[in-house]
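As a plain string of letters, each chain reads:
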Amino acid sequence: MIEAEMAGAPERLQWAMNHCLAQIGIEHAAYRDRAIGIGERLGVLKDYPTPPGCTSPYAPVWINEMVRRQHGGADNGV
């Protein structure tokens, strides 16, 4: 449903679907590549203005950053 409908969804629903997609990619390694691929294909929030030091809501960036932090990457926000 996310893959088929997120790009054309109303803004509020689009945000919720994007959040769901990111959580799937962050929490379920088996689906991570697919979640990132869907995010890249749809491009939802790709150009969202993100202040320095904040994580973009663009799902591929968000997923990769949170996974990096979970695995003890540098500057894990602690």
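Before reading further, recall that the structure is shown in the block above.
Caption draft 1: Molecular detail of the layout of surface pockets. In this structure, the largest pocket occupies an estimated 170 Å³ of space. Taken together, Met1, Ile2, Glu3, Leu21, Ile24, Tyr31, Arg34, Ala35 and Ile38 make up the lining of the largest pocket. At the level of secondary structure, the elements contributing two or more residues to the lining of the largest pocket comprise helix 1 (2–5), helix 2 (11–27) and helix 3 (29–42). Considering each element in turn, the lining of the largest pocket owes the most residues, four residues, to helix 3. Here the lining of the largest pocket is composed, by residue class, of seven nonpolar, no polar and two charged.

Caption draft 2: Looking closely at the packing of aromatic side chains. Tallying each qualifying case throughout the model produces one aromatic pair. Judged by centre distance (5.2 Å) and plane angle (85 degrees), the ring pair of Trp15 and Tyr48 falls under edge-to-face. Highlighted residues: Trp15 in helix 2 and Tyr48 in the loop between helix 3 and helix 4 (59–70), separated in sequence by 33 residues.

Rules and cut-offs
Residues numbered from 1 in each chain as written. Predicted model: local features only at pLDDT ≥ 70, side-chain atom pairs only at ≥ 80, totals over all residues. Heavy atoms only, no water. 1 Å grid on protein atoms, 1.4 Å probe; cavity = no way out; pocket = protein on both sides within 12 Å on 5 of 7 lines; lining within 4 Å. Points joined across faces, edges and corners; volume = space filled by probe spheres on them. Helix = DSSP H or I, 4+ residues; strand = E, 2+ residues; numbered from the N terminus. Nonpolar A, V, L, I, M, F, W, Y, C, P; charged D, E, K, R; others polar. Phe/Tyr/Trp six-rings, centres within 6.5 Å; stacked < 30°, edge-to-face > 60°.

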